[in-house]
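Summary of structural features
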Number of protein chains: 2
Amino acid sequence: MPSYKAPLRDMKFLMQDVLQAEQTLAGIPFYAENETHSADLAEQILEEAGRFASNVVQPLNMSGDAEGCTVQDGVVTTPQGFKEAYRQFAAAGWTALDGDPKYGGQGVPHVVGNAVSEMMISANIAWSMYPGLSHGAYTALHAYGSDETKDIYLPKLLSGEWTGTMCLTEPHCGTDLGLLRTKAVDNGDGTFSITGTKIFISAGEHDFTDNIVHLVLARIEGAPQGTKGISLFLVPKYTVNPDGSLGERNGVMCASLEHKMGIKANATAVLNFDGAQGILVGQANKGMQAMFVMMNGARLGTGMQGLGLGEVAYQNALAYAKDRIQMRHEPRVVASEPADPIIVHPDVRRMLLTAKAYTEGARALTLWLSLNLDIEHHHPDEQARQDAADIVALLTPIAKAFMTDNGFTSTVLSQQVYGGHGYIKEWGMEQFVRDARIGQIYEGTNGIQALDLLGRKVLGDGGKKLQKLAGMLEQFVEESQDIEELAPYLETLGKAAQQVGTLTMVIGQKAMQDPDEANAAAVDYLRYVGHVTYAYLWALMSRAALRQIASGNDRDGFYKAKLQTARFYFEKLFPETRALAATIKAGNAPLAVDDVAVFGFEQSLVNA
Amino acid sequence: MPSYKAPLRDMKFLMQDVLQAEQTLAGIPFYAENETHSADLAEQILEEAGRFASNVVQPLNMSGDAEGCTVQDGVVTTPQGFKEAYRQFAAAGWTALDGDPKYGGQGVPHVVGNAVSEMMISANIAWSMYPGLSHGAYTALHAYGSDETKDIYLPKLLSGEWTGTMCLTEPHCGTDLGLLRTKAVDNGDGTFSITGTKIFISAGEHDFTDNIVHLVLARIEGAPQGTKGISLFLVPKYTVNPDGSLGERNGVMCASLEHKMGIKANATAVLNFDGAQGILVGQANKGMQAMFVMMNGARLGTGMQGLGLGEVAYQNALAYAKDRIQMRHEPRVVASEPADPIIVHPDVRRMLLTAKAYTEGARALTLWLSLNLDIEHHHPDEQARQDAADIVALLTPIAKAFMTDNGFTSTVLSQQVYGGHGYIKEWGMEQFVRDARIGQIYEGTNGIQALDLLGRKVLGDGGKKLQKLAGMLEQFVEESQDIEELAPYLETLGKAAQQVGTLTMVIGQKAMQDPDEANAAAVDYLRYVGHVTYAYLWALMSRAALRQIASGNDRDGFYKAKLQTARFYFEKLFPETRALAATIKAGNAPLAVDDVAVFGFEQSLVNA
C-alpha cells in the first residue's frame, strides 16, 4: 500500500528561499493585521497539515477507491471513514484556513492554503474534492453574494458545517455552456424556481453534512440565448431560515451517481432540480462572470491535482526503486546482493527524475501563483494588484493544463517503475493513474485551456500580459548575468522568450486570416509557454539554491539536489520545445483534411 | 457502448497495394503448395474474421471487464459468454489458422494470421489473450519440442482443444530471469518434477478447455546460476497419456488471481508448481533461447495490442466527434444546429488524426513484419531468409514498444475527444485506456525493449541490421526521386536516416567508455528509430496511394485520405524527433545525479 509524507522541505524552500513570501505578505496589511504573514506560522500550519494528511486522510485512499460511493433513493453513502475524517478536518479548522476572518475564516494566505490543499490531494484526491468544491463555492459567494446571503452562508461553509458545489454541465452541454437549458422562474418574492438536470456534479450529494449549497447556472425565463442569458443561483439542499436554521427539503435530488475510471470515492452526481428554490447570486444574466471566479480557483485547484498525484506517485516509485533489486549495474553498486536496486539503472532514473522535475516545477508555479493571488486580492497598491492579476490570468490555464498533463505523465512513469506490479491494484500505483486522468478533462478540457491562453489571454489583449511575463524573464536574466553556474539556463531562457514572441506573432498573423490557425496551434503553444514558465522557475530555484550553497547552508544536500534536478529539466524535458516549435509552425494545414475522404464526415469543412 | 468494425479496406490496401503480399507469397513454396498465398483467400478470411470479431467477441468486452474472473479452490470462472465464444472460435478453425498443416494447421501466412489477431484484440483484448498465449506456446513447442511431444501436443493446441501459457515471472524476478528459483528435479524416467511459484501468468487458469499446457522456465538441480542454467519445461494441467488422452491432475494449482487496472477478463494467475510433472523442451540449460522464440512472437503480439486498441478507440472517438455538437466553427458547418459537430474543431481533429496516423502506421509495420516472418520461416533462398530475419529482429522491439506507447497515447486522446463522458464507464473509452496500459509493461517493459534494440540489435552487431534498414530507405528514396509529391518526405527520410547513423555512432562511442551512456539513450533512441520506420512506411503508403490515384482508382477517396494522413504524420508527429535528438545527445550526465542528495539513496552511484 502506498504511503505519503508531505514535502515540507520543498515547500519551505519555495516560500522562504525562492518567493520570500514573508516579506511580500508583511507588506500587505490584510495579512500583517491578521498576523498570518509569518514564515513561522506557515511552517507550523504545514507541519500540522502534513500529519493530518498522512495519518487521517491517506489511509482511506485505497479503501475509498475500492468501496466507491453508493446511492439509494437519492441518499448517498460515502466510503467508510470519509465523513469522520471530514468532520475532524472541519473541527480542526482546516475548512476555514484561508477564509475571510469576517465570516469566521483564519485569513491565512493562499500561498499557505494551497500548500495544504496539495497535501490533501496527494493523500486522497477523491476525499479532498469535498472540501475543495466547498472552497470554490465559498469564493464565488464571497465575491458575488449579497451581504444577507454572505452573512448566512459563508460562516457555514467556512466552519465546514455545510459544503458547496458547482453545477454547470448538462447532458447536452459541457464546454458550450451557452446551450444550457436549466431554467429559472422568478417567484416574485426574491426567490426563483430552478428546473433542469445537471450532470457530473462533483461532491454533488453525500453524507458529510446536513446541508449542501449548490451554485447553479440557469437561464431566467425570457433571458437571451447563449452565454449572455445565464445567471448564477444558490440552491441549498435544505432551504435556510433567516436565522440560519434548516427549513424544508428543497427540490433538488440526486438521481444517480456516475461509475467512473477513477476518483471513485467522490460522488459524481446527476442532480435533478424540480422547481427548487434558488437565490440569485450577483446580477441577472451575469452568471458566467461569477462562474469564472469559481472556475479560476477550480482551475488552479485542478492543476494542483496533477501536482499532488505526481508527488505521491513519485514518492512511492522512489521507495520501490530503492528496494527492488533486478539486473546488475556496471560497476556493481550493492555487490553483496545478486542484483542491484533498480534505481541505479539510467532509464529508471530518467522516469523518476521526470516525475520529480515536473512535480517540483508544478509546486513552484502553484505557490508563485498563490502568492500572486494574495497580492491581487489584498495588496494596497493598485499597480501591484493589476500586475499580479495579469500573471494569474495568464498562467491559470497553464497551471491547469500543463500541470495535469505532466501530472498524468508522472503517475504513468511512476507506475512504470514498478513493472508488472504497477498494474496490480494492491500496489496502489494504478489508482494514481486513474485518478490523475480526470484532471486533463474537467474544469474545461486541456484543449479549452489552450484556447483560453492563446485566444483570450495572449491574442485577446495584444500580448500585454505575455509581455509582463517576458519582462520578468528578461529582468531575471539581466540580474543574474554574473552567476556563472546559471549561464546555460540564461541563454536557454533568453532564446525561449524570444521564440515565444516570434511564435505568437506568426500565429496571430495567420489567425487574422483564419481563426482555425489559432485553434490548431493552441495546445502546442500552451505546452511551449508552460515549458518557458517552468524554465524560468527552475532558474529561479537554481539561483536561490546557489545562494544557500554559497552561504554554507547545504548540510543535507537539498540545494545540490535542486541544482541537479534543474539540469535534468533543462537538458531532458525542456527540449520538447523543439518539437513544439515545429508543430506550431506547421499550422492548421495538416489538419485541414478532406472530411469526407479522411473522416467519412458528410459535411466537408474544407469545401464549406 | 463502443462498437467495432474491422478495417478491411486498410488491410487490403497494405497487403495488396503496399506490400504486394501475393507476389511474395507465391514465390514461397510452402504457401504456394498449401494454396494459402492468394489475395482472394486473404480477403475471404479477413471478412469472415471481421464478422466474428464484431458479432461474437466484441459484445463481450464491456461485460467481461465488469465481471472479471473469479477463483475458488483453484477453479477459475471466466466472464459470461467467454468460453462459448472461444469454443465457437476453435470450432470455426481460427486457432489453427497459421499453424503447420502437418499438425492440423491451415498454413495461412502470418501476414493474414496477424491481421486476424488485430481484429480480435480490437474487439476484446482480454478474450483475445487466451488464444494469443496458446499461439505463443504452440510456436515454442513447434520450434523446440521433440517429435513425440509435438505429435501429441501441437494438434490439440491448433484445434483449440487445449490452450497454452508462458510461465516466466516469479515474485522476485521479472526482467531479471537469471534470478529465477523454480527448480526441476530429474525423475530419471524422462520427466522432471517442477517446484516453484510463477506470477502474472496470463490465461494461466480458466474454464475454456479440459487441459492447459504450461511452458515453464525452471532451473535443473545443479545447473549454473544466472540465465545459463535455465531450462524450458512443458507442464500440462493434466498429465497426458501416450494416446493423447488425459491422465492425472498434475501438481500445478492456481493459488490466486491478480486484481488489475485492466484486461480484467483475462485470468492473471499465481501458479504454484508442487512437484508437477514436466517434460524438457529443447536442450537442458538452453531455456532462454526457446523462451525468446515465444517472446519474439509475443512481443509483436503485444505491439499489436497497441494497434488494436488504438484502432477501436479511434473508431468510437470518430463517431462521437461527428455526433456531438458543441461550440460553433467559423464559418458554421451545420448552420441548422445550435452548435457544430466537434469534429470541425482543429484540436479535436488533431487528436483524431494522431490516433489515426499512429494506428495506420502500426498496421503497416505489423503486416510488413508479418510478411517478413513468412519469408524468414519459409523462403527457399537463404539470403532472403536472413534479410527478413534481420529486419524482424531489429524491428520487433520497436513494434512492441513504439506501438504500445503510441497505442496508449491513441486511447488517451480518443478518450479525451469525449470530454467528461470519456471518464464514465458506460461509454467504454476508459476501458481502452486501462487495457492499453499493460502493453507498455509486460513482455519486457518498453525500457527493456529499448535496451534490446540499442544494445543487442544495433550496437551488438556493429550496426549491420540497422544498415540493412538504412539501405532499404536509401533505395526507396532513390527509386522515388521522380515522384514530385513525395519530395518533402524523401528529404525528411534522407536526413533522418543520416541522423540515425550519427546518433548511433555518438552513443556507441560514449558507451565504450561507460555502458550507462547506451542505457540512458535507449528509450529516446527507440522512439527515434520508430519514427524513422513509420516515416518510411508512410512514404511507402503514399507512393502506393499516388499510383492508385494516377490510375484513376480513387473513387471513394481512400487514397486521398492516405496522402493527407501521411502529411499529418510528417508535419505533426515526426517532429518529435527534434526533441529526441537533443535528449539523446544530452546523454547520461543529467541522470548521473548525486544519489544521496537527489534520491536519498545511501549507496551513491556517482561515488561508487
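Think of each chain on its own: its residues are numbered from 1, step by step along the sequence as written. Chains carry letters from A onward and ligands carry numbers from 1 onward, assigned in written order. Local features in this predicted model are restricted to residues of pLDDT 70 or higher, and side-chain atom pairs are both shown and tallied only at a pLDDT of 80 or more, whereas totals for entire chains, interfaces and linings draw on every residue. Hydrogen atoms and water are omitted, and side-chain values are computed over all heavy atoms in the structure.

**Focus on the overall build of chain A**
Basically, it comes down to this: By definition, any uninterrupted DSSP run of H or I lasting at least four residues is a helix, any uninterrupted run of E lasting at least two residues is a strand, and each is numbered from the N terminus. For this measure, only C-alpha atoms enter the radius of gyration; the expected value for a globule follows 2.2 Å times N^0.38, where N is the number of residues. Summary of the burial criterion: residues with accessible area below 20% of their type's maximum are buried, those above 50% are exposed, and those between are partly exposed, where the area comes from a 1.4 Å probe applied to protein chains only. Contact criterion: two residues are considered in contact whenever any of their non-hydrogen atoms come within 4.5 Å of each other. Only the protein chains shown count as covering a residue, and every accessible area follows the Shrake-Rupley method with a 1.4 Å probe. When charges are tallied, Lys and Arg are placed among the positive residues and Asp and Glu among the negative ones, while His and the ends of the chain are skipped. We put the charge of a Lys on NZ, of an Arg on CZ, of an Asp on CG and of a Glu on CD.
Secondary structure summary: chain A contains 20 helices and 11 strands in total. At 24 Å, chain A has a C-alpha radius of gyration in line with the 25 Å of a compact globule built from 608 residues. Judged by the C-alpha coordinates and their principal axes, chain A covers about 80 × 60 × 55 Å. The proportion of buried residues among the 608 residues of chain A is 65%. Within chain A, contacts between residues at least 6 apart in sequence are counted, and of these 73% link residues at least 24 apart. Summed over all atoms, the accessible surface of chain A reaches about 21500 Å², with 49% contributed by carbon and sulfur. Across chain A, the mean location of the 50 positive side-chain charges is 4 Å away from that of the 70 negative side-chain charges.

**Focus: the interface of chain A and chain B**
In many analyses, interface size is given as the accessible surface area lost on bringing the parts together. Applied cut-off: Using a 1.4 Å probe, buried area is obtained as the accessible area two parts lose upon being combined, added over both of them. The working definition used for a salt bridge is a side-chain nitrogen of Lys or Arg within 4 Å of a carboxyl oxygen of Asp or Glu. Each polar contact in these results corresponds to two N or O atoms within 3.5 Å; when the atoms are within protein, one needs to be able to donate a hydrogen and the other to accept it, and residues that are neighboring in sequence are counted only if both atoms are side-chain atoms.
Contacts between the two partners involve 99 residues from chain A and, on the opposite side, 99 residues from chain B. Of the roughly 8500 Å² buried where chain A meets chain B, counting both sides, 63% is carbon and sulfur surface. Three residues stand out in chain A for area buried against chain B, namely Tyr423, Lys572 and Phe599 of chain A, and they jointly supply 10% of the buried area on that side. A salt bridge links Arg328 of chain B to Asp176 of chain A; its shortest N-O distance comes to 3.0 Å. Our count for the chain A to chain B interface comes out at 50 residue pairs in polar contact (both at pLDDT 80 or more). Ranked by residues supplied to the side of chain A that touches chain B, first place goes to helix 18 (residues 558-573) of chain A with 8 residues.

**What about the relation of the copies chain A and chain B?**
Keep this limit in mind: To superpose the copies, least squares is applied to the C-alpha atoms of every residue with a pLDDT of at least 70 in both.
By a simple turn and slide, chain A fits onto chain B: the slide is 0.0 Å along the axis, the RMSD is 0.0 Å, and the turn is 180°. These values place the two chain copies in the arrangement generated by a two-fold rotation axis. Here 100% of the interface residues in chain A have copies in chain B that are interface residues too; the copies meet face to matching face.

**So, the pattern of salt bridges**
Residue and element names in this part refer to chain A. Applying the stated rule across the entire model yields 60 salt bridges over all chains. The salt bridge involving Asp10 is made with Lys562; its shortest N-O contact spans 2.5 Å. One end of the pair, Asp10, is in helix 1 (residues 8-18); the other, Lys562, is in helix 18, and 552 residues separate them in sequence. Note on accessibility: Asp10 and Lys562 belong to one class, buried.

**Describing the UniProt feature "domain: Acyl-CoA dehydrogenase/oxidase C-terminal" (unreviewed entry) in chain A**
So the rule is basically this: UniProt positions are given in the numbering used here, feature names are shortened, and annotations may be inferred rather than shown by experiment.
According to UniProt, the "domain: Acyl-CoA dehydrogenase/oxidase C-terminal" (unreviewed entry) feature falls on residues 285-452 of chain A. Within residues 285-452 of chain A, the helical portion is 73% and the strand portion 0%, while the C-alpha atoms at the span's ends are 22 Å from each other.

**Concerning unusual backbone geometry**
Residue and element names in this part refer to chain A. Here the amide bond leading from Glu330 into Pro331 is cis, since omega sits at -5°, within 30 degrees of zero. Along the chain, Pro331 turns up in the loop between helix 10 (287-323) and helix 11 (346-378). The backbone of Ile263 sits at a positive phi, close to 35°, despite the residue not being glycine.

**Some points on the packing of aromatic side chains**
What counts here: Stacked, edge-to-face and tilted labels apply to pairs of Phe, Tyr and Trp rings (six-membered ring for Trp) whose centres lie within 6.5 Å, assigned for plane angles under 30 degrees, over 60, and everything in between, in that order. Charge-over-ring contacts are defined here by two conditions on Lys NZ or Arg CZ: a distance within 6 Å of the ring centre and an angle within 35 degrees of the ring normal.
On inspection of all chains with the given rule, the structure shows 47 aromatic pairs over all chains. Between Phe89 of chain A and Trp94 of chain A, the ring centres sit 6.5 Å apart and the planes meet at 20°, which makes this aromatic pair stacked. An aromatic cluster is built from Tyr358, Phe402, Tyr489, Tyr534, Tyr569, Phe570 and Phe574 of chain A, whose rings are joined through pairwise contacts. Looking at Arg249 of chain B, its charged tip hangs above the ring of Tyr238 of chain B, at a distance of 5.5 Å from the centre.

**Quick word on the environment of Ala96 of chain B**
With respect to the element layout, Ala96 of chain B can be found in the loop between helix 6 (82-91) and helix 7 (110-123). Setting aside residues no more than four positions away along its own chain, Ala96 of chain B makes contact with Gly104, Gly105, Gln106 and Leu158 of chain B.

**Considerations on the state of the cysteines**
Residues and elements named next belong to chain A. Heads up, the rule is: Any pair of cysteine sulfurs within 2.5 Å is marked as a disulfide.
In the structure shown here, the tally under the stated rule is 0 disulfides over all chains. The closest cysteine sulfur to the non-disulfide-bonded Cys254 is located on Cys69, 9.7 Å from its own sulfur. Residue classification places Cys254 among the buried residues on the basis of a relative accessible area of 4%.

**Section: the packing of helix 6 (residues 82-91) of chain A against helix 8 (residues 125-144) of chain A**
Residues and elements named next belong to chain A. Rules: An axis is simply a line fitted to the C-alpha atoms; with a helix, the fit covers only the stretch in contact. Between two such axes, the angle follows the N-to-C directions and lies from 0 to 180 degrees. Oblique is the label for any angle not covered by the other classes, which are roughly parallel (under 35 degrees), roughly antiparallel (over 145) and roughly perpendicular (65 to 115). By definition, any crossing whose near helix is turned counterclockwise from its far helix by less than a right angle is left-handed, and any crossing with a clockwise turn is right-handed. Asp, Glu, Lys and Arg are counted as charged, while Ala, Val, Leu, Ile, Met, Phe, Trp, Tyr, Cys and Pro are counted as nonpolar; the rest, among them Gly, fall into the polar class.
Contact pair helix 6 / helix 8: the axes reach a minimum separation of 11 Å and the direction vectors enclose 45°. Between helix 6 and helix 8, the angle falls in the class oblique. Helix 8 is crossed by helix 6, and the crossing has right-handed handedness. Counting all contacts with helix 6, which are made through Phe82, Ala85, Tyr86 and Phe89, the residues of helix 8 involved are Trp127, Tyr130 and Pro131. Tallied by class, the residues present in the contact of helix 6 with helix 8 amount to 7 nonpolar, no polar and no charged.

**Some remarks on the side chain of Lys457 of chain B**
Residues and elements named next belong to chain B. Within the fold, Lys457 resides in helix 14 (residues 446-458). Note on Lys457: relative accessible area 9%, which makes it buried. Aside from chain neighbours lying at most four places away, what touches Lys457 is Ala393, Leu394, Pro397, Asp452 and Lys465.

**A word on the packing of helix 1 of chain A against helix 18 of chain A**
Residues and elements named next belong to chain A. Running from amino to carboxyl end, helix 1 crosses helix 18 at an angle of 85°, the nearest separation of the two axes being 12 Å. Considering their axes alone, helix 1 and helix 18 lie roughly perpendicular with respect to each other. Across the interface between the two elements, Arg9, Asp10, Phe13 and Asp17 of helix 1 pack against Phe558, Tyr559 and Lys562 of helix 18. Residues belonging to the contact of helix 1 with helix 18 are distributed by class as follows: 3 nonpolar, no polar and 4 charged.

**Quick word on the environment of Glu258 of chain B**
Residue and element names in this part refer to chain B. With respect to the element layout, Glu258 can be found in the loop between strand 10 (252-257) and strand 11 (268-281). For Glu258, a relative accessible area of 16% gives the class buried. Each C-alpha atom of the pair Glu258 and Thr268 lies 5.6 Å from the other, and the pair is 10 residues apart in sequence.

**A word on helix 17 (residues 515-550) of chain A**
All names here are of chain A. How we decide: The span expected for a helix works out to 1.5 Å for each residue beyond the first.
Its 36 residues give helix 17 an end-to-end C-alpha distance of 51 Å, which sits within 8% of 52 Å, the value for a rise of 1.5 Å per residue. By the criterion of burial, helix 17 is predominantly enclosed, with 31 of the 36 residues buried. The opening residue of helix 17 is Asp514, an N-cap whose side-chain oxygen sits 2.9 Å from the backbone nitrogen of Asp516. Looking one or two places after helix 17, you find Gly552, whose phi comes out positive at around 75°.

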